Amino acid sequence: MIEKDIARSRVAHDFLLGGGVMGELIRKYDWSGTSLGSPDSWPQSLKTTISILLNSSYPMFVWWGKELVNIYNDAYSLILGSKHPQALVEPAHKVWSEISR
């Protein structure tokens, strides 16, 4: 039974594979306390977007949901500079407050 649960969890989170440092941060993040909730409940469109983002060498990010939650890849972390890694899961208006005034 436990083996089936582990296998099911791996399949459910295949979209989070890869991604270097950010992939690891995203996989380890406790999403249950966010507006997005557990990755198990994410819509397929978000899962697909995150998979593309994590496996791209180009700077990419997505702002998702009403709060515009920020999720990004390793290449985009260079653009964030000192805002990384705190920018993960922060609303867009907090991450880029200097341009949202």
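Residues numbered from 1 in each chain as written. Predicted model: local features only at pLDDT ≥ 70, side-chain atom pairs only at ≥ 80, totals over all residues. Heavy atoms only, no water.

Details of helix α3 (residues 44–54)
Logical step 1: When α3 is considered as a whole, its buried residues turn out to be L46, K47, I50, L53 and L54. The buried residues of α3 occupy one face: seen down the axis, they fall within an arc of 130 degrees. (Buried < 20%, exposed > 50% of the residue type's maximum accessible area, 1.4 Å probe, protein only. Helix = DSSP H or I, 4+ residues; strand = E, 2+ residues; numbered from the N terminus. Arc of directions from axis to C-beta.)

What to know about the nonpolar core
Nonpolar side chains in soluble globular proteins tend to be buried together.
Logical step 1: In this structure, W42, I50 and I71 are the most contacted members of the largest nonpolar core, which totals 22 residues.
Logical step 2: Mapped by element, the contributors of at least two residues to this core are α2 (20–28), α3, β2 (69–72) and α4 (74–80).
Logical step 3: Ranked by residue count, the leading element in this core is α3, at 4 residues. (Core = buried A, V, L, I, M, F, W, Y, C linked by side-chain atoms within 4.5 Å.)

Section: the packing of aromatic side chains
Given two aromatic rings, one states the distance between the centres and the angle between the planes to describe the pair.
Logical step 1: This structure, assessed with the given rule, holds 6 aromatic pairs.
Logical step 2: Summarising the aromatic geometry, the rings of W31 and W42 are spaced 5.0 Å apart at their centres and angled 90 degrees between planes, so their arrangement reads as edge-to-face. Here W42 lies in the loop between α2 and α3 and W31 lies in the loop between α2 and α3, a separation of 11 residues in the sequence.
Logical step 3: Judged by relative accessible area, which is 2%, W31 ranks as buried.
Logical step 4: Ring centres 5.9 Å apart and planes at 55 degrees place the aromatic pair Y72 and Y76 in the tilted group. Across the pair, Y76 and Y72 agree in class, each one buried.
Logical step 5: Taken together, the ring pairs connect F15, Y29, W31 and W42 into an aromatic cluster. (Phe/Tyr/Trp six-rings, centres within 6.5 Å; stacked < 30°, edge-to-face > 60°.)

Considerations on the side chain of S77
Logical step 1: Relative to the assigned elements, S77 resides in helix α4.
Logical step 2: Apart from residues no more than four positions distant in its own chain, S77 is found in contact with Y72 and H84. (Contact = heavy atoms within 4.5 Å.)

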